[in-house]
Amino acid sequence: MSESTDRRADRGGKSVEEAVSRYLGSLDSGGSRSTMRSPLNEFANFCDQEGVQRVDALETNMLREYGMYLRERAIDQELAASTANTYFNYVRAFLSFCVRDELLDTNPANTQRAEEFLPEDKGDRNRQFWDPEDRQQIINARQ
């Protein structure tokens, strides 16, 4: 067993919920904390539903399943694809914290396999939602 694995075994592992709480408490910005709280708590609930209670049990396949869950929510139009990707990035940041906190050896979200099922964010950020009449009025007003 490696030294870090020994430490995790000695600590008995942390539940995903406990680790999420610790991570949120470690954030400097209250804004970041409040923004990430709901998606990370949802991830902890997802893990629980999948039968994964401890951080040290998280593996890439579990993160693939989470990506598929986010994809399905985007298909059902519960989330925008960009939001689904943002939530996955929050989880990746949380798991990087778990690596630094020696709860994990590596971040299972930092692989292409984990990201494979995420919805594609085609975000056309320059797209405008004007109807043709409104657009023409705007153009005429600027002339």
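Calculation criteria
Residues numbered from 1 in each chain as written. Predicted model: local features only at pLDDT ≥ 70, side-chain atom pairs only at ≥ 80, totals over all residues. Heavy atoms only, no water. Helix = DSSP H or I, 4+ residues; strand = E, 2+ residues; numbered from the N terminus. Contact = heavy atoms within 4.5 Å. Areas by Shrake-Rupley, 256 points an atom, 1.4 Å probe, with all protein chains shown as cover. Core = buried A, V, L, I, M, F, W, Y, C linked by side-chain atoms within 4.5 Å. Buried < 20%, exposed > 50% of the residue type's maximum accessible area, 1.4 Å probe, protein only. Axes fitted to C-alpha atoms, helices over the stretch in contact; angles between N-to-C directions. Parallel < 35°, antiparallel > 145°, perpendicular 65-115°, else oblique. Nonpolar A, V, L, I, M, F, W, Y, C, P; charged D, E, K, R; others polar. Expected span 1.5 Å × (residues − 1). Bend = angle between axes of the 7 residues up to and from the residue. Patch = residues over 30% accessible without salt bridge, like charges linked within 9 Å, V, L, I, M, F, W, Y side chains within 5 Å. Salt bridge = Lys/Arg side-chain N within 4 Å of Asp/Glu carboxyl O. Lys, Arg positive; Asp, Glu negative; His and termini not counted. Charge placed at Lys NZ, Arg CZ, Asp CG, Glu CD.

A. Main features of the overall build of the chain. Helices and strands together make up the secondary structure of the chain, namely 7 helices and 0 strands. When the helices and strands of the chain are listed from N to C terminus, the series reads α-α-α-α-α-α-α. Across the chain, every contact between residues at least 6 apart in sequence was considered, and the portion connecting residues at least 24 apart equals 67%. Accessible area for the chain stands at about 9200 Å²; split by element, carbon and sulfur atoms hold 41% of it.

B. Region of interest: the nonpolar core. Core analysis: the largest hydrophobic core is formed by 33 residues, its most contacted members being Val16, Leu40, Phe43, Leu58, Leu63 and Phe94. Residue assignment for this core shows that the elements contributing at least two residues are α2 (16-26), α3 (30-49), α4 (60-75) and α5 (81-100). Broken down by element, the residue count for this core peaks at 8 residues, all from α5. Apart from residues no more than four positions distant in its own chain, Phe43 is found in contact with Val16, Leu58, Leu63, Tyr66, Val91 and Phe94.

C. Representation of the packing of α2 against α5. Between α2 and α5, the shortest axis-to-axis distance is 10 Å and the interhelical angle comes to 95°. By the angle between their axes, α2 is roughly perpendicular relative to α5. Between α2, through Val16, Ala19, Val20, Arg22, Tyr23 and Ser26, and α5, the contact on the second element is made entirely by Ala93, Phe94, Phe97 and Cys98. Across the contact of α2 with α5, the residue classes tally to 8 nonpolar, 1 polar and 1 charged.

D. Seen up close, α3. With 20 residues, α3 should cover 28 Å at 1.5 Å per step; its first-to-last C-alpha distance of 28 Å lies within 8% of that length. For α3, the principal kink sits at Arg37 and spans about 40°; a proline, Pro39, occurs within the next four residues. All of the buried residues in α3 are Met36, Pro39, Leu40, Phe43, Ala44, Phe46 and Cys47. Against the buried residues of α3 lie α2, α4 and α5. Directly after α3, the chain includes Gly51, whose backbone phi takes a positive value near 85°.

E. Representation of a negative patch on the surface in the model. The grouping of Glu50, Glu65, Glu72 and Asp76 at the surface amounts to a negative patch. Within the element layout of this structure, Glu72 appears in helix α4. For Glu72, a relative accessible area of 43% gives the class partly exposed.

By themselves, these observations are geometric and do not establish any function.
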